[in-house]
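Each chain, letter by letter, is given below.
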There are 2 protein chains.
Amino acid sequence: MSTPVSHQPTLQPIVKEYYTFAEPPAEITLESGARLGPVTLAYETFGNLNAARDNAILVAHAFSGDSHAAGHYTTDSEGEKPGWWNFMIGPGKGIDTDKYFVVCPNILGSCMGSTGPSSINPATGKPYGLNFPMMTIGDIVTTQKTLVDHLGIKRLHGVIGGSVGGMQVLEWCVRYPEFVRAAVAIATTMRHSALAIAFNEIARQAIMADPNWNKGNYYGSNKPDLGLAVARMVGHVTYLSDQAMRRKFGRKLQDKETFSFGFDGDFQIESYLRHQGSKFVNRFDANSVLYITKASDYFDVVDRMGRIEGPGNNTREKTKHLVISYTSDWLYPTYQAKELVQTLKRSGQDVSFCEIEADCGHDAFLIPDERLTTLIRGFFDGLS
Amino acid sequence: MSTPVSHQPTLQPIVKEYYTFAEPPAEITLESGARLGPVTLAYETFGNLNAARDNAILVAHAFSGDSHAAGHYTTDSEGEKPGWWNFMIGPGKGIDTDKYFVVCPNILGSCMGSTGPSSINPATGKPYGLNFPMMTIGDIVTTQKTLVDHLGIKRLHGVIGGSVGGMQVLEWCVRYPEFVRAAVAIATTMRHSALAIAFNEIARQAIMADPNWNKGNYYGSNKPDLGLAVARMVGHVTYLSDQAMRRKFGRKLQDKETFSFGFDGDFQIESYLRHQGSKFVNRFDANSVLYITKASDYFDVVDRMGRIEGPGNNTREKTKHLVISYTSDWLYPTYQAKELVQTLKRSGQDVSFCEIEADCGHDAFLIPDERLTTLIRGFFDGLS
């Protein structure tokens with residue numbers, strides 16, 4: 001039940017675990033109708049499951065995230081690093097691991113330990129590449145549900161996540177409403193706008209334009225690093241904001257007093273983006289970018305969110321919702337969070353909404369901010 | 001005086017003309033200190049220069065524009081097309097060619113008839129490629145001044161342009177204030193923000209990541225079409241707006257009723273961007289993108305704009321300025337136009353400002369709009 005997938009991450013977590021299910025021929029059926037198995041989810045847990053098995057909070061990571069939500073771990077390339085939400089999760093923190101049992105699974109289709117296009121296809125003995133079936137946010141969530149059941153969790157105290165993690169939160173709410181006591185969707189949307197699809201498509205085209213991509217069949221040879229770096233640069237800019245970039249970089253030059261009049265880069269923002277691009281290729285798989293961006297483009301819960309409460313289903317305890325947006329997020333702007341809030345209200349849900357004033361753009365939820373911590377602590381603790 | 005450059009465009013204009021100057025050894029010196037010659041500017045004129053030679057309006061085109069500002073012309077790839085500002089320029093139009101002599105030069109560094117990286121380097125007999133010297137908006141404008149002098153224009157009635165064309169307008173104002181009676185800067189900025197530099201850098205990286213780019217030496221062999229297409233897709237998205245893309249594309253599917261669950265593109269916005277990318281590679285040179293994006297990143301007139309009026313220079317007739325921005329332009333947002341207006345006011349200039357409510361983003365000035373036409377007509381005609 002804990003077979004590591006072939007594509008081992010270079011990270012060396014202390015308590016990374018693996019759950020493997022759907023061994024062929026008992027494969028799972030994906031939303032597309034395609035079948036997949038075995039499926040491994042890498043995950044980490046923090047805190048302890050209580051006797052009632054109802055104090056678990058599932059933390060859903062964003063696009064290129066991983067199961068290292070909290071604590072510290074060691075990477076080959078970057079040394080010791082804190083988990084991506086270490087400021088939020090831990091004893092006495094916003095999500096208090098003295099109270100809650102936190103589970104953070106790496107998503108299906110990723111490359112950080114869970115089954116994805118870089119995993120070995122049992123039918124061929126080679127990495128899937130483009131033979132990996134297209135998957136959806138729904139598929140990500142149903143596999144998470146299998147893991148949560150496996151862990152013996154009776155009902156989730158909460159599901160929380162930002163960006164693509166927020167999409168998973170919404171999918172949990174429409175798919176398993178009775179299983180989710182409280183849901184926190186941060187910096188996310190019910191469905192991608194044309195603008196968001198456009199940037200994802202540019203990222204995909206940048207990867208697929210790299211001849212090393214080779215129709216996804218590059219494992220064991222040269223990887224499409226240049227295309228993947230461009231894709232990451234595009235994505236990274238959409239996570240920032242005009243204001244924050246002005247504040248942080250402006251027109252400052254990199255190691256220069258005057259213009260170089262060449263193409264090696266003059267401005268700090270250029271060096272920064274190149275650095276982000278090259279850092280990303282050391283840790284992430286290009287095909288995973290293709291699959292996860294498609295899953296987020298396909299994601300659309302508008303109709304289902306409007307009919308969570310079917311007839312005769314009004315007696316159960318409803319999920320409590322907290323929706324959080326950021327003023328400077330132009331990838332999933334506040335008006336999209338408000339559309340979500342309105343849809344939840346119309347379907348009779350219990351929903352709170354907060355727009356946080358912050359100039360750092362979409363990625364604001366990954367930056368320590370006492371306002372966010374206080375909101376989340378109050379919301380989860382207020383349920384008990 | 002009218003030697004066509006080696007890189008002949010495929011367009012067949014009716015009255016495209018060429019002016020060549022700076023034959024070696026009498027090369028021009030660029031802002032970087034590099035020397036360049038000969039220099040050819042392709043240009044088109046509309047209307048007639050009056051006897052006083054003071055009714056000329058210089059129309060400065062944007063990043064990938066050309067001298068075909070008005071009338072109709074024929075292209076190999078797209079058949080007959082109107083000039084890019086044909087709705088604005090012509091008899092009785094906003095810029096009335098019954099009154100004004102309109103000059104539209106293709107900019108230095110471009111590939112639409114003027115000298116650029118695809119032109120023949122006289123020192124080698126081969127295209128310049130990366131041996132083309134880095135040039136600035138200042139260099140673009142000084143070469144335009146040489147052309148304007150050559151045409152016998154005594155003083156410009158006006159200089160007008162949007163985006164990178166607007167940068168040329170501002171450069172004209174600081175470099176030759178006595179020569180410009182009126183200036184209209186549309187959807188532009190005094191200097192690139194980190195965000196604007198970031199998108200240009202991504203476009204450059206996309207081109208340079210294409211192995212066919214070959215350090216700029218691809219003329220006569222395979223061109224970096226895939227990289228250039230990605231670069232164009234990035235640029236194109238920055239010219240649009242979230243609102244316009246929602247209105248025009250939303251989540252509409254292309255020739256499909258359901259998702260393909262593949263990577264060939266599902267959404268109309270994907271097909272649209274791919275189409276924009278492949279159309280661009282048929283008409284534009286990748287190296288020109290590199291040079292012109294760098295010129296616009298380097299552009300910065302903030303300091304010079306603040307000191308147009310030197311001591312003892314207050315008796316001459318001042319340039320009249322009109323600054324226009326668009327509500328949905330997020331590449332050069334209205335706050336940047338206001339910074340320009342404030343700078344002009346502080347230096348004692350005569351400036352009018354108008355923000356046009358439009359949801360179509362940065363490229364709004366290229367879309368017929370009676371409000372823009374009325375503004376421009378009133379501004380130029382009101383001077384006489």
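Residues numbered from 1 in each chain as written. Chains lettered and ligands numbered in written order. Predicted model: local features only at pLDDT ≥ 70, side-chain atom pairs only at ≥ 80, totals over all residues.

Digging into the overall build of chain A
Across its full length, chain A holds ten helices and 16 strands. By the compact-globule yardstick of 21 Å for 384 residues, chain A fits well, its C-alpha radius of gyration being 21 Å. Over its C-alpha atoms, taken along the principal directions, chain A stretches across nearly 70 × 50 × 40 Å. (Helix = DSSP H or I, 4+ residues; strand = E, 2+ residues; numbered from the N terminus. Rg over C-alpha atoms; globule rule 2.2 N^0.38 Å.)

Topic: helix α9 (residues 334-346) of chain A
Residue and element names in this part refer to chain A. Over its 13 residues, α9 extends 18 Å from the first C-alpha to the last, a length consistent with the 18 Å expected when each residue adds 1.5 Å. Buried within α9 we find T334, Q336, A337, L340, T343 and L344. At its buried positions, α9 is contacted by β14 (182-186), α8 (302-305), β15 (320-326) and β16 (350-356). (Expected span 1.5 Å × (residues − 1). Buried ≥ 20, exposed ≤ 12 C-beta atoms within 10 Å, placed from the backbone. Contact = placed C-beta atoms within 7 Å.)

Remarks on unusual backbone geometry
In this chain, P24 of chain A is followed by P25 of chain A through a cis amide linkage whose omega measures 5 degrees. As for its position among the elements, P25 of chain A is in the loop between β1 (17-21) and β2 (28-29). Residue P38 of chain B is reached from G37 of chain B by a cis peptide bond, and omega for that bond is -5 degrees. Structurally, the position occupied by P38 of chain B is in the loop between β3 (35-36) and β4 (39-46). In this model, K215 of chain A sits at a positive phi of 55 degrees, which is unusual for a non-glycine residue. Considering the arrangement of structural elements, one finds K215 of chain A in the loop between α3 (194-208) and α4 (225-239). Positive phi, normally seen in glycine, also occurs at S163 of chain B, with a value near 65 degrees. Tracing the backbone shows S163 of chain B in the loop between β13 (156-162) and α2 (164-175). Taking the number of C-beta atoms within 10 Å as the measure of exposure, S163 of chain B has 27 and is therefore buried.

Details of the sheet that holds strand β10 (residues 101-105) of chain B
Residue and element names in this part refer to chain B. Overall, mixed pairing links the eight strands, which are arranged β1-β4-β10-β5-β13-β14-β15-β16 in an open sheet. The sheet terminates laterally at β1 (17-21) and β16 (350-356), the two strands that pair on one side only. Shown here is a sheet whose adjacent strand axes are inclined to one another by a mean of 20 degrees, direction ignored. One ladder, built from four bridges, connects β13 with strand β14 (residues 182-186); its direction is parallel. Residue pairing for β14: I160 is matched across the bridge by V184. (Pairing = 2+ DSSP bridges. Axes fitted to C-alpha atoms, helices over the stretch in contact; angles between N-to-C directions.)

A look at the sheet that holds strand β10 (residues 101-105) of chain A
Residues and elements named next belong to chain A. Here we have eight strands laid out as an open sheet, ordered β1-β4-β10-β5-β13-β14-β15-β16, and mixed in their pairing. Since the sheet does not close on itself, it has two edges, and those belong to β1 and β16, each with one partner. With direction set aside, neighbouring strand axes in the sheet form an average angle of 20 degrees. Note that strand β4 (residues 39-46) and β10 share four bridges and pair antiparallel. What sits directly across from Y43, in β10, is P105. Relative to strand β13 (residues 156-162), helix α2 (residues 164-175) is tilted by about 145 degrees, and along the sheet it contacts β5 (56-60), β13 and β14. Here helix α10 (residues 370-381) sits on the sheet in contact with β5, β13, β14, β15 and β16, set at roughly 160 degrees to β14.

Quick look at the relation of the copies chain B and chain A
Expressed as a screw operation, the relation of chain B to chain A combines 0.0 Å of axial shift with a rotation of 180 degrees, fitting to an RMSD of 0.0 Å. Here the copies are linked by what is in effect a two-fold axis. Taken as a fraction of all interface residues of chain B, those also at the interface in chain A reach 98%, which identifies the copy contact as same-surface. (Least-squares fit on C-alpha atoms with pLDDT ≥ 70 in both.)

Quick look at the packing of helix α3 (residues 194-208) of chain B against helix α4 (residues 225-239) of chain B
Residue and element names in this part refer to chain B. Viewed as axis vectors pointing N to C, α3 and α4 meet at an angle of 165 degrees, and their least axial separation amounts to 7 Å. Between α3 and α4, the angle falls in the class roughly antiparallel. As for how α3 packs across α4, the hand of that crossing is right-handed. For the pair formed by α3 and α4, the contact residues are F199, I202, A203, A206 and I207 on the first element and G227, L228, V230, A231, V234, G235 and T238 on the second. Per-class residue counts for the contact of α3 with α4 are nine nonpolar, three polar and no charged. (Parallel < 35°, antiparallel > 145°, perpendicular 65-115°, else oblique. Left-handed = near helix turned anticlockwise from the far one by under 90°. Nonpolar A, V, L, I, M, F, W, Y, C, P; charged D, E, K, R; others polar.)

Structural notes on the domain arrangement of chain A
Residues and elements named next belong to chain A. As assigned here, chain A comprises domain 1 (17-192 + 299-381) and domain 2 (197-293). Computed from C-alpha coordinates alone, the two centres of domain 1 and domain 2 are separated by 26 Å. Split into classes, the residues belonging to the side of domain 1 that touches domain 2 amount to twelve nonpolar, eleven polar and two charged. (Domains from an automatic or database assignment.)

Re α4 of chain A
Each α-helix winds once per 3.6 residues, and so residues spaced three or four apart point in a common direction. Taking 1.5 Å of rise per residue, 15 residues should cover 21 Å, and α4 of chain A covers 21 Å from first to last C-alpha, within 8% of that figure. Taking burial as the measure, the 15 residues of α4 of chain A include 13 buried ones, the bulk of the element.

Here's the deal with the packing of α4 of chain B against helix α6 (residues 268-283) of chain B
Residue and element names in this part refer to chain B. Remark: α4 packs on α6, axes separated minimally by 8 Å, with the N-to-C direction vectors making an angle of 125 degrees. Taken together, the axes of α4 and α6 are oblique relative to one another. Here α4 runs over α6; the crossing is right-handed. Seen from α4, the contacting residues are D225, L228, A229, V230, R232, M233 and H236; seen from α6, they are L273, Q276, G277, S278, F280 and V281.

Describing the environment of P211 of chain B
Residue and element names in this part refer to chain B. Residue position: P211 is located in the loop between α3 and α4. On the basis of neighbour counts, which here come to 15 C-beta atoms within 10 Å, the residue P211 falls in the partly exposed class. Considered as a pair, P211 and I120 are 91 residues apart in the sequence and their alpha carbons are 23 Å apart.

Describing the interface of chain B and chain A
Counting from both sides, the interface comprises 41 residues of chain B and, opposite them, 40 residues of chain A. Taken together, the elements giving at least two residues each to the side of chain B that touches chain A come down to α3, α4, α5 (242-248), α6 and α7 (286-298) of chain B. The element best represented in the side of chain B that touches chain A is α3 of chain B, accounting for ten residues. The residue makeup of the side of chain B that touches chain A, split by class, is 25 nonpolar, six polar and ten charged.

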